[in-house]
Amino acid sequence: MALKTDFAVSDNYNYLEGLGNYHQSEAFPGANSHVNNSPQKPPYGLKTERISGTSFTAPREQNLQTWMYRATPSLFHSEYVPYDDAHTPNPPTFLSPNSYMWPTFPTESGVDWVSSQKLLARNGDPAGKEGLAIWTFSITNAMRDNTAFSSIDGDCLIIPQSGGLDIQTEFGKLLVRQNEICVIPRGIRYRVALPNGPAHGFICELFQSHFQLPGLGIVGSTGLANQRDFQIPVAFFDGQLREDVAVANDTEWTLISRQAARLWTCTQDHTPFDVAAWHGTNYPFKYDLAKFCVLGNVLFDEHDPCLYTVLTAPAHREPGNAVVDFAIIPPRWMASEDTLWLPYYHRNTMNEFYAPIVNNQDGDYPFNQDRGKGFKPFGAGLNGGMVVHGATAEDLEKASTSDTSTPAKVMMDGITIFLLETEKPLYISDWAAEMAQQNFKAKEARPKSDSRL
Ligand SMILES: [Fe+2]
């Protein structure tokens, strides 16, 4: 098996490489301002604009700031007005010590990136800059022409479960296919189209902190997700140079922004994708999950799932606490002695949200686009804090008696499981509570005094 995904759709965009580096990119030679960040007259008639992902005084290693050089400052737009409150979920209030499962999320047709997003669970408060939200998306249409979206609530980790996304951002373009993930920082405008049919997946919207690589400690200097495997878009200017002036393809654009889970909209008479050059540390990035360097046991015991952490968002509340850890359980070799090849039964202080990703890229594979007759991989589960979880009695019996004396490659069924481990209890949205099924039915578990019954 190749150490990268053999994607069904090839990616013809160019990228910079290395997460955490100070990057710079320009659509035209000389478009970046060199030495001085805010020159009196930037090249090609461009205007200087900055986007700050952290406070100016954040420690240098955590400081996220990017300078942009664009044709028209973002300042010039109409007043923001509420967009469509039908897409604004009620603040989630449902919480119980039960496990939840969503075997299959419904899919619709005629929906795009904005209209398809549904709030699944949330902790903290977006306006209080604390916690996170988990959204689902299931889209069949590109966003409307000349429309861009942004989240003012936080950085968004986008996890396609099936299908792919063609994402144009202010900093350039990214193709993000199943078995890849991407992060779009807070406030950055982007537009989502579809490279090859419908796409489903999940979004982890981070109200506090930022996604970063976990520390490796005694592991050493490499392993898990390696810095160089993260790809950052290159500047793309929606326009052209005319007599040394950058002229954008300006027309009427609609901007839609989410703040405190509510959608707002405004218009402007210029493209938001008129950034001819940028440099800094605050940028979108993507990553192929097949490049994850899995570490694990080579003698005995099942190690903690934090060993599979791709990205983390530290809480800075107490040592080791995370707003969220994003981890994957991918195909890998198992080799051990006198060890149960199953996760131990567990009550965790963290809250564990999990869902499958289809890593098999074959368009005829039954799990792609939910064509299978039985298991539909567009589902998820949640084990809240101190909620016990683990293998079924049947799996336990099988694992207790199986031959583990020879190494075996596991998770070869075309599925990678991802985990979002978050420090605070996840409140379930009304929509998600209605759909929780099997013996974990949230609706039935609601107290009778709950007015939403
Ligand atoms: Fe667990």
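Bear in mind the structure is a predicted one, so any value in this text is a computation, not a measurement. (Residues numbered from 1 in each chain as written. Predicted model: local features only at pLDDT ≥ 70, side-chain atom pairs only at ≥ 80, totals over all residues. Heavy atoms only, no water.)

For the protein, the helix and strand inventory stands at 3 helices and 30 strands. The C-alpha radius of gyration computed for the protein amounts to 23 Å, which stays within 12% of the reference 22 Å derived for 453 residues, consistent with globular compactness. The principal-axis extent of the C-alpha atoms belonging to the protein is close to 75 × 55 × 45 Å. A buried classification covers 53% of the 453 residues belonging to the protein. Restricting the contact set of the protein to residue pairs at least 6 apart, pairs at least 24 apart contribute 77%. Of the roughly 20,600 Å² of accessible surface on the protein, 52% is carried by carbon and sulfur atoms. Each charge sign in the protein was given a centre, from 35 positive and 51 negative side chains, and these centres are 3 Å apart. (Helix = DSSP H or I, 4+ residues; strand = E, 2+ residues; numbered from the N terminus. Rg over C-alpha atoms; globule rule 2.2 N^0.38 Å. Buried < 20%, exposed > 50% of the residue type's maximum accessible area, 1.4 Å probe, protein only. Contact = heavy atoms within 4.5 Å. Areas by Shrake-Rupley, 256 points an atom, 1.4 Å probe, with all protein chains shown as cover. Lys, Arg positive; Asp, Glu negative; His and termini not counted. Charge placed at Lys NZ, Arg CZ, Asp CG, Glu CD.)

Turning our eyes to something else, we now look at the sheet that holds strand β21 (residues 275-280). One open sheet accounts for 4 strands, arranged β2-β21-β4-β3; its pairing is antiparallel. One side of each edge strand has no neighbouring strand; the edge strands of this open sheet are β2 (23-26) and β3 (47-52). On average, adjacent strands in this sheet sit at an angle of 20° to one another, irrespective of strand direction. For β2 and β21, the ladder comprises 4 bridges, and the chain directions are antiparallel. Across the sheet, S25 pairs through a bridge with W278, a residue of β21. (Pairing = 2+ DSSP bridges. Axes fitted to C-alpha atoms, helices over the stretch in contact; angles between N-to-C directions.)

If you look at the biggest cluster of nonpolar residues, it comprises 87 residues, and the most contacted ones within it are W102, W113, L311, F326 and F353. Both domain 1 (15-89 + 109-287) and domain 2 (289-438) contribute no fewer than three residues apiece to this core. (Core = buried A, V, L, I, M, F, W, Y, C linked by side-chain atoms within 4.5 Å. Domains from an automatic or database assignment.)

Once that is clear, we can look at the domain arrangement of the protein. Interfaces are frequently sized by the accessible area removed from exposure as the parts join. Domains assigned within the protein are domain 1 (15-89 + 109-287) and domain 2 (289-438). Distance from the C-alpha centre of domain 1 to the C-alpha centre of domain 2: 28 Å. Listed as interface residues are 48 residues of domain 1 and, on the opposing side, 45 residues of domain 2. Interface area, domain 1 with domain 2, both sides summed: about 3,900 Å², of which 65% is carbon and sulfur. At the boundary of domain 1 with domain 2, the tally comes to 1 salt bridge. A salt bridge links K424 to E130, with the shortest nitrogen-to-oxygen separation between them at 2.0 Å. The interface formed by domain 1 and domain 2 includes 18 residue pairs in polar contact (both at pLDDT 80 or more). Those elements that place two or more of their residues in the side of domain 1 that touches domain 2 are β7 (118-125), β8 (130-139), β10 (155-162), β13 (180-184), β15 (199-206) and β22 (285-288). Ranked by residues supplied to the side of domain 1 that touches domain 2, first place goes to β8 with 7 residues. (Buried area = accessible area lost by both parts, 1.4 Å probe. Salt bridge = Lys/Arg side-chain N within 4 Å of Asp/Glu carboxyl O. Polar contact = N/O pair within 3.5 Å; in protein donor to acceptor, adjacent residues only side chain to side chain.)

The two faces of the sheet receive side chains in turn, since in a regular strand these alternate between them. Among the 5 residues of β13, 5 are classified as buried, and the element is accordingly described as predominantly covered. When β10 meets β13, the two strands line up antiparallel, connected through 3 bridges. The residue bridging L157 from the neighbouring strand is V183, located in β13. Of the strand pairs in this sheet, β13 and β22 are connected by 4 bridges, and their pairing is antiparallel. Across the sheet, residue C182 finds its bridge partner in β22, namely K286.

What follows is about the coordination of the iron ion. Protein ligation of the iron ion involves H346 (ND1), E352 (OE), E352 (OE) and H389 (NE2), the donor distances falling in the range 2.1 to 2.6 Å. Around the iron ion, the 4 donor atoms are arranged such that angles at the metal cover 54 to 151°; this shape is classified as irregular. Donor residues for the iron ion, ordered by position in the chain, follow H-x5-E-x36-H. On the criterion of sequence distance, the pair formed by E352 in strand β26 (residues 351-358) and H389 in the loop between β27 (380-383) and α1 (393-401) is long-range, its members being 37 residues apart. By relative accessible area, which is 8% here, E352 ends up buried. (Donors = N, O, S within 2.8 Å, 3.2 Å for Na, K, Ca; no water. Tetrahedral: all angles 85-135°; square planar, octahedral: opposite > 155°, others 65-115°.)

Let us now look at the pattern of salt bridges. In the structure shown here, the tally under the stated rule is 11 salt bridges. Notably, a salt bridge pairs K286 with D11, separated by 2.7 Å at the nearest N-O pair. Linking K286 in strand β22 with D11 in the segment before β1 (15-17), this pair joins segments that are 275 residues apart in sequence. The exposure class assigned to K286 is buried, which follows from its relative accessible area of 0%. Where R70 meets D274, a salt bridge forms, and the shortest distance between an N and an O atom there is 2.9 Å. With a gap of 204 residues between them, R70 in strand β4 (residues 65-70) and D274 in the loop between β20 (262-268) and β21 connect regions that are remote in the sequence. Its relative accessible area of 2% is what places R70 among the buried residues. Through salt bridges with shared partners, one network takes in D11, R177, E180 and K286.

Time to look at the sheet that holds strand β29 (residues 415-422). With respect to topology, 6 strands assemble into an open sheet ordered β6-β27-β26-β29-β24-β23, the strand pairing being antiparallel. If you trace the sheet from one side to the other, it starts and ends with β6 (100-102) and β23 (309-314), each paired once. Sheet twist, expressed as the mean angle between neighbouring strand axes with direction ignored, is 15°. Sheet analysis places β26 next to β27, joined by 3 bridges and oriented antiparallel.

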